[in-house]
Amino acid sequence: RWERAFRLKGMALLLFFLVCFGIRYYLFEQQSKSLESHLGQSCQVSGKVIFQKQRTKGYEYYIQAEEIAFGEMDFLSSHLTFHFYSSEELPVNSRIRLAGQLSAMAVPKNPGEWNQKNYFKGKNIYYRLKKVEIKEITAGEPNLIQRFQEWVKQQSGCYLPEKEKG
């Protein structure tokens, strides 16, 4: 009896992983391949900023796209994440609409060199947007971590001396 239950649980778990992998494969791998014919073209992307990092000449961002359009085409639904740089500071979780040029990630030119394409593929990012122009910014709701960070700042303001406040 327990062997049969163990086998059923194992098969259910295997089926769950296969379904999850299949969904991931479709959403990221297949959908990203459908954009290859648009490389170098101007596009508009709307979505949510999910990552921000300050760099020496501006900011690096990841945007979780909700819609994408090329030229005069209608917006298409998208689940892809794009990488871009901008001199404008955009808060994480804000919704933005931007225009840019779709480009592929760089591949290594020499053996043993760092592989940018594989690095970003591990993060499910297949394309970079260049020559980005931000068209619209809508403030988003802060996530749990951001709310906690704000709470810590408020608490430190109440209890710490002036020189030790964050």
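In this report, we go over the structure that sits alongside the text. None of the values given here were measured: they were computed from a predicted structure. (Residues numbered from 1 in each chain as written. Predicted model: local features only at pLDDT ≥ 70, side-chain atom pairs only at ≥ 80, totals over all residues. Heavy atoms only, no water.)

**Here's the deal with the pattern of salt bridges**
This is how the line gets drawn: The term salt bridge refers to a pairing of a side-chain nitrogen on Lys or Arg with a carboxyl oxygen on Asp or Glu at a separation within 4 Å. Think of it this way: any DSSP run of H or I at least four residues long counts as a helix, any run of E at least two long counts as a strand, and we number them from the N terminus. Burial here depends on accessible area, computed with a 1.4 Å probe over protein chains only, as a share of the maximum for the residue type. Under 20% is buried, over 50% is exposed, and the range in between is partly exposed.
Counted under the stated rule, the structure contains four salt bridges. Residues Glu 66 and Arg 95 are paired through a salt bridge, measuring 2.4 Å at the closest nitrogen-oxygen approach. In this pair, Glu 66 sits in strand β2 (residues 58-70) while Arg 95 sits in strand β5 (residues 95-104), placing the two residues 29 residues apart along the sequence. On the accessibility criterion, Glu 66 (37% relative accessible area) is partly exposed. For Lys 135, the salt bridge identified is with Glu 133, shortest N-O distance 3.3 Å. Looking at Glu 133, the relative accessible area reads 46%, which means it is partly exposed.

**Description of the pairing of strand β1 (residues 42-55)**
Spelled out, the test is: Two strands are counted as paired when DSSP detects at least two bridges linking them.
Bridge count between β1 and β5: seven bridges; the pairing is antiparallel. Each bridged residue has a counterpart across the sheet, and for Ser 42 the counterpart in β5 is Gln 101. By the bridge criterion, 12 bridges tie β1 to β2 in an arrangement that is antiparallel. Counted as the bridge partner of Val 45 is Ile 68 from β2. Count of turn residues in the β1/β2 antiparallel hairpin: two residues.

**Some words on unusual backbone geometry**
Look at Asn 124: it is not a glycine, yet its phi comes out positive at around 60°. Checked against the element boundaries, Asn 124 lands in the loop between α2 (116-121) and β6 (125-138). Relative accessible area serves as the criterion here: at 16%, Asn 124 is assigned to the buried category. The residue Lys 131 is not glycine, and still its phi comes out positive at about 50°.

**Examining the packing of aromatic side chains**
How we decide: Pairing of aromatic rings covers Phe, Tyr and the six-membered ring of Trp, with a centre-to-centre limit of 6.5 Å; geometry is then stacked below 30 degrees between planes, edge-to-face above 60, and tilted otherwise.
Enumeration according to the criterion identifies seven aromatic pairs in this entry. Residues Tyr 62 and Phe 120 carry aromatic rings whose centres are separated by 6.1 Å and whose planes lie at 80° to one another, so their mutual orientation is edge-to-face. In this pair, Tyr 62 is assigned in strand β2 and Phe 120 in helix α2, connecting sequence segments 58 residues apart. According to the relative accessible area criterion, Tyr 62 is buried, its value standing at 8%. Accessibility expressed as a relative area gives 3% for Phe 120, which makes it buried. Look at Tyr 119 and Phe 120: their rings are 5.1 Å apart centre to centre, the planes differ by 80°, and that puts the pair in the edge-to-face class.

**Comments concerning a nonpolar patch on the surface**
Stated precisely, the cut-off is as follows: Like-charged residues within 9 Å of one another, or nonpolar side chains (Val, Leu, Ile, Met, Phe, Trp, Tyr) within 5 Å, are grouped into patches, provided each residue has over 30% relative accessible area and no salt bridge. Surface accessibility follows the Shrake-Rupley procedure with a 1.4 Å probe radius. Residue values consider only the protein chains on display as shielding.
A grouping of Leu 13, Phe 16 and Phe 17 is seen on the molecular surface, where their side chains present a nonpolar patch of about 330 Å² in accessible area. Checked against the element boundaries, Phe 17 lands in helix α1 (residues 2-33). Residue classification places Phe 17 among the partly exposed positions, given a relative accessible area of 48%.

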